[in-house]
Amino acid sequence: MAIKNILIIIIAIILILAVLFALWFFTVKANGKCPICALKQLSRPRDITLDLSEVEDYNNSAAQTPPMGWASWNFFQTHVDRNKIYETAVAMKKSGLAKAGYTFVNIDDCWQSSMRDGDGKLCGDLGTFDGDIASLVKGINKLGLKMGVYSSNGTLTCEDLPASLGNEELDAKTFASWGCEFLKYDFCHNEAISPQCPAIEKLELKLLDYAPNKINNFKVLEPDDATFTGRTSVINMKEVPSGKAIGYLNHSAGTAEFEINDLPKGEYALTAVYHKSLRKKRDYLQIIVNGELYEMFFPAGYGFNDTGRTQIKIKLKDGFNTIKLQNPVVSRADSSYIQYKRMGDALKKASKQLARFTNTEEKPITYSICEWGATKPYKWGAKAGNMWRTTPDICAKWKSIVMIYGQTIKLYSYASPGHWNDPDMLEVGNGDLTDDENRSHFTLWCMLAAPLILGNDVREFVNSNGEPDRDNVTLKIVTNKHLIAIDQDTLAKPAKRIGRENGVDIIARPLANGDVALCFLNRKKSSNNIRFELNELSKDEYLDFSSAPSYELHNLWSDERTSGITVFAAMPAHGVMVYRIKADRK
């Protein structure tokens, strides 16, 4: 009897779910949206679905080798102020860090006021930064260094201060006007772009710079005027006055395109008349005019009338014009890419416009995508910015360092000049890391072709007499010129893990002059050793390294130089041995 009751309950639940699904399916369809396309979102929640094959790589002439500098978060976190940042910049110059290549001084979160100014612009904290960032930039520039700032691809930063989502162009112009040359763009309080798009009853075009001699200044584009791809089509919709609308633009279902050849050149108000339906989030539409992307957002909510109106400004040229409607968003990664690229394009535009306006040399802004690896940014980052975080935040713990290295070492094929995997800022000199762990940490980041952004208190590198503390172990580690040369190698090919033996990772990196950087990482808590035949390097195509009768070995920590065909590496707990290998063909 109990089994029979359970079966009845299960059948009832299935029937209820089926009814609910049917109601959802037909409600979605009735609102001009494609339910089948919406279901695609469930199968690809993280991967990017956009076709980026025709999109050029992000190019702003910056970061041709991995950026080097310092950032405030790992040591100061929220406790930043004008004096600390400037003192750090002075210490970078006096300690020799600047000479070693560390040129960026980057303020992380909490530099900004909780209020934008009267023009809507971001401004420095009125107390800790006197509301002024521009003069601080100038002071740091006089030291021969560059300055960077921080914002978030969200409504607020991670510390709940004003961020840049929806204000990309204004904020990019502000950063450029201050002279900033680096932006770390975080992911806190992000609001994803909706893959939903309402049914469009019609488009109206009105010329804004109307003159009496321009007779044709208004045009209505009806659904029947468009050509369609995919599932997008004209649908019957009794809720709108005309009875027709363009439906199924959601979830990359398809496109609608109009051709225009009877309007004069100029700036137009484009009004989308759309069908309202209950929406918890803003719907989204891309309007591509002659190849130029415009974005339109439809407000959340529900009005008393069935139709609403949303406007943007567009530009038409003389003669033939095309206007294409689409919503290509399927996954969260699609949304992230569109939003991060929006800021990247704004930064490029702002720096170029400022250079033209002031008749000065352009200061390109290195653009750091800090998306935490959430939607596999290595698959789209090179199309949107200069560098992209591969993992969540680092901390000054060995487990954190090894985890981040393990995730990033797999991504060697995605880097190129101007585009870098970013395993986060360096923790060298922070926490309870041993000297061997600090050396390993720095070595791994150099092998990964990672940005070298210090996160410790570099003021400790300078003695009271203003001279560098040449006995400081951390300073010696981060200024190792041989490893910095590996990191900055112009071939721009990060290391690949080519083997693992008895708790030792074997990683190698091809270099521009034909050498190979070879590193052994001891993951064990005790000392360890490994024997490695150098002819093995020729077996990996990625290294492009031919075998030779003998090899020159340069130990990049001891600076010892030897030759042979075999390496015997003895490593302390969590330690490394790293060599530059040159084929000796004499």
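Before any of the text, the structure's been laid out above.
The rules behind these values
- Along each chain, numbering runs from 1 in the same order as the chain's sequence is written.
- Reporting of local features is limited, given that this is a predicted model, to residues whose pLDDT is at least 70; pairs of side-chain atoms are given and counted only at 80 or more, and all residues count toward the totals for whole chains, interfaces and linings.
- To obtain the side-chain values, all non-hydrogen atoms of the structure were used and water was disregarded.
- Stacked, tilted and edge-to-face are the three classes assigned to paired rings of Phe, Tyr and Trp, where Trp is represented by its six-membered ring and a pair needs centres within 6.5 Å; plane angles under 30 degrees give stacked, over 60 edge-to-face, the rest tilted.
- The criterion for a charge sitting over a ring is simple: Lys NZ or Arg CZ within 6 Å of the ring centre, and within 35 degrees of the ring normal.
- Strands pair, by our definition, only if DSSP identifies at least two bridges between them.
- Every helix listed is a DSSP run of H or I at least four residues long, and every strand listed is a run of E at least two residues long, numbered separately from the N terminus.
- The angle between two axes is taken between their N-to-C directions and runs from 0 to 180 degrees, where each axis is a line fitted to C-alpha atoms and a helix contributes only its stretch in contact.
- Side-chain atoms within 4.5 Å link the members of a nonpolar core, which is a set of buried Ala, Val, Leu, Ile, Met, Phe, Trp, Tyr and Cys residues.
- For every residue, the accessible area (1.4 Å probe, protein chains only) is compared with the maximum for its type, and the residue is labelled buried under 20%, exposed over 50%, or partly exposed between those bounds.
- Here, residues are in contact when the closest pair of their heavy atoms is within 4.5 Å.
- Identification of polar contacts relies on pairs of N or O atoms within 3.5 Å, with a donor-acceptor requirement for protein atoms, meaning one able to donate a hydrogen and the other able to accept it, and with residues adjacent in sequence counted only if both atoms are side-chain atoms.
- What counts as a salt bridge is simple: a side-chain nitrogen of Lys or Arg found within 4 Å of a carboxyl oxygen of Asp or Glu.
- For the purposes of this analysis, a disulfide is any pair of cysteine sulfur atoms at a distance within 2.5 Å.
- This arc is taken over the directions from the axis of the helix to the C-beta atoms.
- Working definition: roughly parallel below 35 degrees, roughly antiparallel above 145 degrees, roughly perpendicular at 65 to 115 degrees, and oblique for all remaining angles.
- Left-handed is the label given to a crossing in which the near helix is rotated counterclockwise from the far helix by less than a right angle, and right-handed is the label when the rotation is clockwise.
- When residue character is reported, Ala, Val, Leu, Ile, Met, Phe, Trp, Tyr, Cys and Pro are called nonpolar, Asp, Glu, Lys and Arg charged, and the others, Gly included, polar.
- Charged residues are defined narrowly, with Lys and Arg counted positive, Asp and Glu counted negative, and His plus the chain ends left uncounted.
- Working rule for helices: expected span equals 1.5 Å times residues minus one.

Caption draft 1: How the structure looks around the packing of aromatic side chains. Applying the stated criterion to the full structure yields 20 aromatic pairs. An aromatic cluster of at least three residues, connected via ring pairs, comprises Y58, Y185, F187, Y337, Y340, Y367, W372 and W380. Here the guanidinium or amino end of R282 rests over the ring plane of F297, the centre of that ring lying 4.2 Å away.

Caption draft 2: Fine view of the sheet that holds strand β19 (residues 452-454). Here we have eight strands laid out as an open sheet, ordered β18-β17-β16-β4-β3-β2-β1-β19, and parallel in their pairing. The open sheet is flanked by β18 (420-422) and β19, the only strands paired with a single partner. Neighbour-to-neighbour, the strand axes of the sheet open up by a mean angle of 25°, direction not taken into account. Alignment of strand β1 (residues 68-71) against strand β2 (residues 104-106), held across three bridges, turns out to be parallel.

Caption draft 3: Geometry of the sheet that holds strand β20 (residues 496-501). In spatial order, the strands read β20-β21-β22-β27-β24-β25; together these six strands make up an open sheet with antiparallel pairing. Single-partner strands in this sheet number two, and they are β20 and β25 (561-564). Each strand of the sheet is rotated relative to its neighbour by a mean of 25°, with strand direction disregarded. Of the strand pairs in this sheet, strand β24 (residues 550-555) and β25 are connected by four bridges, and their pairing is antiparallel. By the bridge assignment, L553 is partnered in β25 with T562.

Caption draft 4: Representation of the nonpolar core in the model. If you look at the biggest cluster of nonpolar residues, it comprises 95 residues, and the most contacted ones within it are Y102, W111, F442 and W445. If near-sequence neighbours (up to four positions away) are discounted, Y102 is found in contact with M68, G69, M92, L97, L145, F442, L452, L454, V478 and I484. L205, Y294, I312 and I323 belong to the second largest nonpolar core, which has 28 residues in total.

Caption draft 5: The side chain of S164, seen in detail. Residue placement: S164 occurs in the loop between β3 (146-152) and α7 (168-178). Of the polar contacts made by the side chain of S164, one reaches the side chain of S151; its length is 2.6 Å. Discounting chain neighbours no more than four positions away, the residues touching S164 are R116, L122, S151, S152, G154, D171, Y185 and M343.

Caption draft 6: Layout of the pattern of salt bridges. Taken as a whole and assessed by the stated rule, the structure comprises 29 salt bridges. With a shortest N-O distance of 3.8 Å, E181 and K363 are connected by a salt bridge. Pair noted here: E181 is in the loop between α7 and β4 (182-186) and K363 is in the loop between α8 (332-358) and β16 (366-369), with a separation of 182 residues, a long-range link. By relative accessible area, which is 34% here, K363 ends up partly exposed. With a closest N to O distance of 2.8 Å, D505 and R500 form a salt bridge. Taking relative accessible area as the criterion, D505 reaches 0% and is therefore assigned buried. Among the charged side chains, a salt-bridge network with shared partners connects R497, R500, D505 and R523.

Caption draft 7: Summary view of the state of the cysteines. For the structure shown, the criterion picks out one disulfide. C158 supplies the cysteine sulfur nearest to C110, a cysteine that is in no disulfide, at a spacing of 9.6 Å. Taking relative accessible area as the criterion, C110 reaches 13% and is therefore assigned buried.

Caption draft 8: Quick peek at helix α6 (residues 134-142). Turning to α6, its buried residues number three or more, namely L136, V137, G139 and I140. One face of α6 carries all of its buried residues, which in axial projection span an arc of 160°. Exposed and oriented more than 90 degrees from the buried face of α6 are K138 and K142. Packed against the buried residues of α6 are α4 (82-95), β2, β3 and α7. G144, located one to two residues past α6, shows a positive phi value of around 85°.

Caption draft 9: Broad picture of the packing of helix α9 (residues 398-408) against helix α10 (residues 435-447). Running from N to C, α9 and α10 cross one another at 20°; their axes reach a closest spacing of 11 Å. Our classification of the angle between α9 and α10 gives roughly parallel. Judged by the twist between their axes, the crossing of α9 over α10 is left-handed. Contact with α9, carried on its side by W398, I401, I404 and Y405, involves E437, S440, H441, L444 and W445 of α10 and no other residues of that element. Grouping the amino acids of the contact of α9 with α10 by side-chain chemistry returns six nonpolar, two polar and one charged.

Caption draft 10: Representation of the side chain of E427 within the structure. Summarising the element assignment, E427 is placed in the loop between β18 and α10. Despite its burial, E427 pairs with no opposite charge; the closest candidate is R389, at 9.8 Å N-O. For E427, the residues in contact, after removing those within four places along its chain, are N74, I394, C395, A396, L433, N438 and H441.

Caption draft 11: Region of the structure containing α8. The end-to-end C-alpha distance of α8, which contains 27 residues, comes to 39 Å, matching closely the 39 Å that a straight helix rising 1.5 Å per residue would cover. The first or second residue beyond α8 is N359, which carries a positive phi of 55°.

Caption draft 12: Region of interest: the environment of D487. For D487, the position within the fold is in helix α12 (residues 481-487). Taking the C-alpha atoms as reference points, D487 and K142, separated by 345 residues in sequence, lie 27 Å from one another. If near-sequence neighbours (up to four positions away) are discounted, D487 is found in contact with P66, W445, C446, A449, A450, L452 and R509. Only 3.3 Å separates the side chain of D487 from the backbone nitrogen of A450, close enough to count as a polar contact.

Caption draft 13: View of the packing of α4 against α6. Between α4 and α6, the shortest axis-to-axis distance is 10 Å and the interhelical angle comes to 15°. When the axis of α4 is compared with that of α6, the two are roughly parallel. In the packing of α4 onto α6, the handedness of the crossing is right-handed. For the pair α4 and α6, contact is made by R82, I85, Y86 and A89 and by S135, L136, G139 and I140, respectively. Here the residues of the contact of α4 with α6 sort into five nonpolar, two polar and one charged.

Caption draft 14: Representation of the environment of N236 within the structure. Counting through the fold element by element, N236 comes out in strand β8 (residues 233-236). Residue classification places N236 among the exposed residues on the basis of a relative accessible area of 72%. For the pair formed by N236 and F357, sequence separation is 121 residues and the distance between their alpha carbons is 51 Å. If we skip the residues at most four places from it in the chain, N236 touches G243 and K244.

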